[in-house]
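One-letter residues, chain by chain:
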Amino acid sequence: MTSTTTHETSETANGRFGMMLAHFALGRRSTSSAMEERSVLCRILDGRDLDEVCPIDSAMLTLEERAHYHATLRDRRTCALAVRTRAELRRMLGREIGVPPNMVPLRMDVHGKPRCMHPLASDLDFSVAHSDECSLIILGEAAGIGVDVEEIDEHEPSDEHLEIAFTEDEFLAWSCLPAELRRRAFAEAWTIKEASLKALGVGLDGSPHEIQVHFDAAGNAWPIFPGPGWAFERIRFCPRHVASFVAMLTPTSARYAGDRRL
């Protein structure tokens, strides 16, 4: 069964973030035809008022993580949000597996996705996405989970971006939308594709053309999944941003089987 429930809040004119924590229950049919419910937690972090790294957040990280963020992220607000996001991810995982946040065993796989190597996390997956102003963390019971967030550009996408994102059929459908809907529709489609590739475990090492979308009359993008056992949620928490998360409830392709826990 594929879930397409949309959780959203009213989009206020001042652009305030309308949701900081959400819980989703995703269902699928098991082999016994009973309904299995999977729990997924979404955490949204507001980075607009972060001017410097919080010492409490920094203490949640390993020495290697702190050195990496300070060496690679020169902008203070970007670094502060990245450190806070990593610290919150560690807190969320630590609560699930019962260890202190700074002791959560994380390792990057061959596609650059962090994995928790603790035995009690074997049935969990998680994903992180950033924009300039916020970050999202998704943690849940699934074979694969992906999330992406994008700020809606004030200009229509370039020809190069359209070619990267869309197949020919998708481009034709998108170009038929009213002009006032196209910028949001493109951003939504991109978040669906990137979140899906993250759920598969390959991220942007895969091609956006592997995951296709269609558009409804209101300009909303919807995924066309390659088979059963997928779930999709659209997260609307701010007028300037779009976000999507995708869960692969059961492994669907031997192509990616070697990437699940590296």
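Every chain begins its residue count from 1, and numbering advances along the sequence as written. Local features in a predicted model are, by the rule used here, given only for residues with pLDDT of at least 70; side-chain atom pairs are given and counted only at 80 or more, and totals for whole chains, interfaces and linings are based on all residues. To obtain the side-chain values, all non-hydrogen atoms of the structure were used and water was disregarded.

Colleague: Even after reading the chapter, I still don't get the overall build of the protein chain, so can you show me in this structure?
Modeller: Runs of E in the DSSP output that reach at least two residues are strands. Runs of H or I that reach at least four are helices, and both are numbered from the N terminus. Broken down by element type, the protein chain carries six helices and twelve strands. Under the scheme applied here, a residue whose accessible area is under 20% of the maximum for its type counts as buried, over 50% as exposed, and between as partly exposed, the area being computed with a 1.4 Å probe on protein chains only. Counting every position in the protein chain, which comprises 262 residues, the buried fraction comes to 50%. Residue contacts are defined here by distance: any two heavy atoms, one from each residue, within 4.5 Å place the two residues in contact. If you take every contact in the protein chain between residues at least 6 apart in sequence, the share linking residues at least 24 apart comes to 63%. Summing over all exposed atoms, the protein chain offers an accessible surface of approximately 12,600 Å²; the carbon and sulfur share of this is 53%. Note on areas: these come from Shrake-Rupley sampling with a 1.4 Å probe, and a residue is covered only by the protein chains present in the view.

Colleague: I would appreciate a short explanation of the environment of Asn102 in the present structure.
Modeller: Within the element layout of this structure, Asn102 appears in the loop between helix 3 (76-97) and strand 4 (106-108). The class for Asn102 is partly exposed, based on a relative accessible area of 35%. Asn102 sits eleven residues away from Arg91 along the chain, and the two C-alpha atoms are 8.3 Å apart. Aside from chain neighbours lying at most four places away, what touches Asn102 is Ala59, Met60, Leu61, Thr62 and Arg90.

Colleague: Is there a simple way to explain the pairing of strand 10 (residues 221-224) in this structure?
Modeller: As a general feature of sheets, a regular strand has side chains that alternate between the two faces. Only strands joined by at least two bridges in the DSSP assignment are considered to pair. The sheet contact formed by strand 9 (residues 212-215) and strand 10 spans four bridges and is antiparallel. Of the residues in strand 10, the one forming a bridge with Gln212 is Ile224. Connecting the antiparallel pair strand 9 and strand 10 is a turn made up of five residues, with Gly219 showing a positive phi of about 90 degrees.

Colleague: How should I be thinking about helix 3 in this particular structure?
Modeller: Because the α-helix completes a turn every 3.6 residues, residues three or four places apart line up on one side. One fewer than the residue count of a helix, multiplied by 1.5 Å, yields its expected span. The end-to-end C-alpha distance of helix 3, which contains 22 residues, comes to 31 Å, matching closely the 32 Å that a straight helix rising 1.5 Å per residue would cover. Taking burial as the measure, the 22 residues of helix 3 include 16 buried ones, the bulk of the element. In this structure Asp75 caps helix 3, since a side-chain oxygen of it lies 3.3 Å from the backbone nitrogen of Arg77. At the C-terminal side of helix 3, Gly98 shows a positive phi close to 75 degrees. Here a polar contact means two N or O atoms within 3.5 Å. Within protein one must be a hydrogen donor candidate and the other an acceptor candidate, and residues neighboring in sequence count only if both atoms are side-chain atoms.

Colleague: What am I meant to see in the packing of aromatic side chains here?
Modeller: Geometry of an aromatic ring pair is reported as the spacing of the ring centres plus the angle between the planes. Any Phe, Tyr or Trp ring, taking Trp's six-membered ring, that has another such ring centre within 6.5 Å forms a pair; planes under 30 degrees apart are called stacked, those over 60 apart edge-to-face, and the others tilted. Across all of its chains, the model carries six aromatic pairs by this definition. Relative to Phe186, the ring of Phe166 lies with its centre 5.6 Å away and its plane at 80 degrees, an arrangement referred to as edge-to-face. Pair noted here: Phe166 is in the loop between helix 4 (159-165) and helix 5 (168-175) and Phe186 is in helix 6 (residues 179-200), with a separation of 20 residues, a long-range link. Phe186 sits in the buried class, given a relative accessible area of 14%. Judged by centre distance (4.8 Å) and plane angle (15 degrees), the rings of Phe225 and Trp230 are stacked. You'll find Phe225 and Trp230 in the same group, each marked buried. Between the NZ or CZ atom of Arg182 and the centre of the ring of Trp174, over which it lies, the distance is 5.5 Å. Any Lys NZ or Arg CZ found within 6 Å of a ring centre and within 35 degrees of that ring's normal is scored as a charge over the ring. Cation over ring: Arg234 sits above Trp222, and NZ or CZ is 4.3 Å from the ring centre.

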